[in-house]
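Per-entry structural report
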Amino acid sequence: GRIVGDSHLIENPLFAAPMGATGIGSFENDDATQWLARLAQRKDLSIFDNAFAADPDRAFIDAPTGRVIQAAGEIVAAAIGRGGPELPAEAQEWIAKHKDLDFGRVRQPARALVNALLSPRSELHDLWEEAGEPFEAWHASITALVERLA
């Protein structure tokens, strides 16, 4: 079935095109920024369980949900010691405060869903492909994240 994120994000017209409020980086979009703000209020991994709840082999992943999956995957990668170069300070601080959480538990679901962003069942894949030249850079960044979650 179709997986949708928070309804207030989906109704926002800025998310109709990949270039409007979105950059290639995992945190260069409003969906990731808003999710990161919600993360700051959490003390457990439930927000990651929600981000990685879709079936990566069956679900169609809409763009807002895909952006959250990408951002959440970056934080999981960083928490297991394989972070990327552009992790926001607030994400680093949250990880440092919650080192005792079992990030290994969400590593495999994170990897599977980040990998699913590269499939035709991902709206982000379609949007970036339609954008032309930036597709290669986006694809490389997602592939690198999948590898860091391995």
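Below is a summary of the structure that appears in this document. Nothing here was measured: the structure is a model prediction, and the numbers come from that model. (Residues numbered from 1 in each chain as written. Predicted model: local features only at pLDDT ≥ 70, side-chain atom pairs only at ≥ 80, totals over all residues. Heavy atoms only, no water.)

As a further point, take the overall build of the protein chain. Counting its secondary structure elements, the protein chain contains eight helices and two strands. Secondary structure of the protein chain in N-to-C order comes out as β-α-α-α-β-α-α-α-α-α. A buried classification covers 45% of the 150 residues belonging to the protein chain. Contacts in the protein chain between residues at least 24 apart in sequence constitute 75% of all its contacts with a sequence separation of at least 6. (Helix = DSSP H or I, 4+ residues; strand = E, 2+ residues; numbered from the N terminus. Buried < 20%, exposed > 50% of the residue type's maximum accessible area, 1.4 Å probe, protein only. Contact = heavy atoms within 4.5 Å.)

Moving on to the packing of aromatic side chains. Tallied over the full model, the rule gives seven aromatic pairs. Measuring from centroid to centroid gives 5.8 Å for Phe 48 and Trp 94, while their planes differ by 45 degrees, and the two rings are tilted. Taken as a pair, Phe 48 in helix α3 (residues 46-51) and Trp 94 in helix α5 (residues 89-97) lie far apart in primary sequence, 46 residues in all. Of the two residues examined, Phe 48 and Trp 94, each falls in the buried class. Here the aromatic residues Trp 35, Phe 48, Phe 52, Trp 94 and Phe 103 are joined through ring pairs into a cluster of three or more. (Phe/Tyr/Trp six-rings, centres within 6.5 Å; stacked < 30°, edge-to-face > 60°.)

All right, on to helix α8 (residues 134-148) then. Spanning 15 residues, α8 covers 21 Å between terminal C-alpha atoms, matching the ideal 21 Å at 1.5 Å per step. Looking at α8, one finds that the buried residues are Phe 135, Trp 138, Ile 142, Leu 145, Val 146 and Arg 148. Angular distribution of buried residues about the axis of α8 spans 165 degrees; they occupy a single face of the element. Packing partners of the buried residues in α8 comprise α4 (63-79), α6 (104-116) and α7 (123-131). (Expected span 1.5 Å × (residues − 1). Arc of directions from axis to C-beta.)

The next point concerns the pattern of salt bridges. Between side chains of opposite charge, a pair can form when the charged atoms approach closely. Here the structure, examined in full by the defined rule, presents three salt bridges. Of the charged contacts, one joins Arg 67 and Asp 31 as a salt bridge, the two residues approaching to 2.9 Å between their closest N and O atoms. In this pair, Arg 67 is assigned in helix α4 and Asp 31 in helix α2 (residues 30-39), connecting sequence segments 36 residues apart. Note that Arg 148 is salt-bridged to Glu 74, the shortest N-O span being 3.0 Å. Taken together, the positions of Arg 148 in helix α8 and Glu 74 in helix α4 put the pair 74 residues apart, joining distant regions of the chain. (Salt bridge = Lys/Arg side-chain N within 4 Å of Asp/Glu carboxyl O.)

All right, on to the environment of Thr 33 then. Residue position: Thr 33 is located in helix α2. Along the sequence, Thr 33 and Val 68 sit 35 residues apart, while their C-alpha atoms lie 8.9 Å from each other.

Here the focus is the environment of Glu 86. Take Glu 86: it is sitting in the loop between α4 and α5. By relative accessible area, Glu 86 is classed as exposed at 55%. Each C-alpha atom, one on Glu 86 and one on Gly 25, is 7.7 Å from the other, the two residues being 61 residues apart in sequence. Not counting residues within four places of it along the chain, the set of residues in contact with Glu 86 comprises Gly 25, Phe 27 and Glu 28.

By the secondary structure assignment, His 125 is in helix α7. Ignoring sequence-local partners within four residues, the contact set of His 125 consists of Leu 117, Leu 118, Ser 119, Pro 120, Phe 135 and Trp 138.

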